[in-house]
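As a plain string of letters, each chain reads:
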Amino acid sequence: MLKSIFIALTALVICRMIWPISSALQANGIGFPLSALKYESQAIPLLEGHYAMEAYFSHDGSKIIYQGREGDRSLYPYLDVLVWDYQPWKNPINPPTRLTDNSKAGKSNAECTFFSPNDRYIVFAAGRADAKQSDQVDFGGYPYYYDLTKEIYIAKSDNVTGTMEQVTKNQAYEAETSFSPPILKNPRLPDGIYLLYTSSRSGSLDLWMQQILDVSGERRVDGPPMQLTNTPLHQEGGAFFMPDGKRIIYRAWEFDTANPQKQEMEKDRTNYRPMQIHILNIETMEDRWLTSGNARNWAPFPHPSEEMIVFSKRDFSVSPNNFDIYVLDMRDKENLHQFQITTFPGFDGYPVFNPSGNLIMFTRYFPHPRDPSKSLFRLYTIPFEVPQ
């Protein structure tokens, strides 16, 4: 997932008069599928005028939690964690509530936030005030930077500043956080609720987890960290549990062993190498690739039915600087099928389903043609029906 984003000028992805031309470009050369055009036509923006990105629903569907800023970038240079009562039909909308104060304190971005299964806790990552930043990295048409060291925090959702606890202290990149559902009767794990995250503490990006709450979700537990993946040439992250609590989905890319420079996490970050989505059974440790080919398949999130995942895709054969939202249908386990949801000529990312599975929420980027500080991330939703 993108962390510590500092937007720079990227006129190549400006939404302007080229849209009719761009929308006609597709791998098959005959335009977008009608289903994608139908979905795109139903996209609804949320939080008008607010800088908001990477949002997730609470488990009861009544709130969304996201990273963003409340006002002018000169006053709020860093991102904070905010929560909003999800009532898009109200006019005017209820204002969001800022849960962290990293922006005013001038520390670092607070991001990668997620609700616990009963919505009593939140988790998020924040960079150290003295953290070294990466070199500029291009991702989907705009450059960004990220902190090479991040730490993970947990807090009660109704009193974040008063209950915040630091979970990791490893002088490493530790972020891309989520919670498990209650895990019961796993032969390898004690019963409980687990924190799932990405860490570079072993020298490459790997998946880790540790028990952080009891089964009820009410009591804090400090379980030992457990490394799920140990693949020096594959960089894993952006992981989420499937609703069954037995499998996780994640994205991974492979280092180019012929180019040692690309093995440094802060160098280049393999901008144009394919990225694939995997599913890992944490009971048997069986791992399966769900995507393949010359594309950056990224940011997967499961449907509550467990039969589909939504993800963002950058197809290098179509446009190197364009991300669109796709859904992967896994009902036929031998013949996985992808279908396109958005057709915007720019960045669409961080897609998620709501708890009912009838809505997709995602982040869309609008670059400013002259002043990068005025570029904007916006949240959108699209109604979703499971295809027959």
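Residues numbered from 1 in each chain as written. Predicted model: local features only at pLDDT ≥ 70, side-chain atom pairs only at ≥ 80, totals over all residues. Heavy atoms only, no water.

1. So, the overall build of the chain
Phase 1 of the analysis: Helices and strands together make up the secondary structure of the chain, namely four helices and 26 strands.
Phase 2 of the analysis: Each of the 388 residues in the chain was classed as buried or not, and the buried ones make up 57%.
Phase 3 of the analysis: If you sum the accessible surface of the chain, you get close to 16,000 Å²; carbon and sulfur atoms cover 51% of it. (Helix = DSSP H or I, 4+ residues; strand = E, 2+ residues; numbered from the N terminus. Buried < 20%, exposed > 50% of the residue type's maximum accessible area, 1.4 Å probe, protein only. Areas by Shrake-Rupley, 256 points an atom, 1.4 Å probe, with all protein chains shown as cover.)

2. Observations regarding the sheet that holds strand β5 (residues 97-98)
Phase 1 of the analysis: If you walk across this open sheet you meet the four strands as β2-β3-β4-β5, and the pairing is antiparallel. Each having just a single partner strand, β2 (51-57) and β5 make up the two edges of the open sheet.
Phase 2 of the analysis: Taken together, the six bridges between strand β3 (residues 63-69) and strand β4 (residues 80-85) define a ladder with antiparallel strand orientation. Considered in β4, the bridge of Ile65 is made with Val83. (Pairing = 2+ DSSP bridges.)

3. Focus: the environment of Ile64
Phase 1 of the analysis: With respect to the secondary-structure elements, Ile64 resides in strand β3.
Phase 2 of the analysis: Residues Ile64 and Asp85, 21 residues apart in the sequence, show an inter-C-alpha distance of 6.7 Å.
Phase 3 of the analysis: When neighbours within four sequence positions are excluded, Ile64 is seen to be in contact with Leu47, Tyr56, Phe57, Leu82, Val83, Trp84, Tyr86, Phe115, Met361 and Leu379. (Contact = heavy atoms within 4.5 Å.)

4. Remarks on the pairing of strand β17 (residues 247-254)
Within a regular strand, side chains alternate between the sheet's two faces.
Phase 1 of the analysis: Of all eight residues that make up β17, six are buried, and the element is covered over most of its length.
Phase 2 of the analysis: Sheet topology note: the strand β16 (residues 234-241)/β17 ladder contains six bridges and is antiparallel. Each bridged residue has a counterpart across the sheet, and for Phe240 the counterpart in β17 is Ile249.
Phase 3 of the analysis: One ladder, built from seven bridges, connects β17 with strand β18 (residues 275-281); its direction is antiparallel.

5. Regarding the packing of aromatic side chains
Phase 1 of the analysis: Within this structure, the stated rule accounts for 23 aromatic pairs.
Phase 2 of the analysis: Each ring, one from Phe240 and one from Phe301, has its centre 5.0 Å from the other, and the planes form 70°; the classification is edge-to-face. One end of the pair, Phe240, is in strand β16; the other, Phe301, is in strand β20 (residues 295-302), and 61 residues separate them in sequence.
Phase 3 of the analysis: Residue Phe301 is classed as buried on the basis of its relative accessible area, which comes to 12%.
Phase 4 of the analysis: Linked through ring pairs, Tyr51, Trp298, Phe323, Phe347, Tyr350, Tyr365 and Phe377 together constitute an aromatic cluster.
Phase 5 of the analysis: When the ring centre of Tyr326 is taken as origin, the NZ or CZ atom of Lys313, which lies over that ring, is 4.9 Å away.
Phase 6 of the analysis: Over the ring of Tyr380 we find Arg364; its NZ or CZ atom is 5.0 Å from the centre of that ring. (Phe/Tyr/Trp six-rings, centres within 6.5 Å; stacked < 30°, edge-to-face > 60°. Lys NZ or Arg CZ within 6 Å of the ring centre and 35° of its normal.)

6. So, the sheet that holds strand β25 (residues 359-366)
Phase 1 of the analysis: Pairing in this open sheet of four strands is antiparallel, and the strands run β1-β26-β25-β24 from one edge to the other. The two strands at the open ends of the sheet, each matched to only one other strand, are β1 (44-46) and β24 (348-353). Each strand axis lies, on average, 30° off the axis of its neighbour in the sheet, ignoring direction.
Phase 2 of the analysis: Strand direction decides the pairing type here: β25 and strand β26 (residues 376-383), joined by eight bridges, are antiparallel. Across the sheet, residue Phe366 finds its bridge partner in β26, namely Leu376. (Axes fitted to C-alpha atoms, helices over the stretch in contact; angles between N-to-C directions.)

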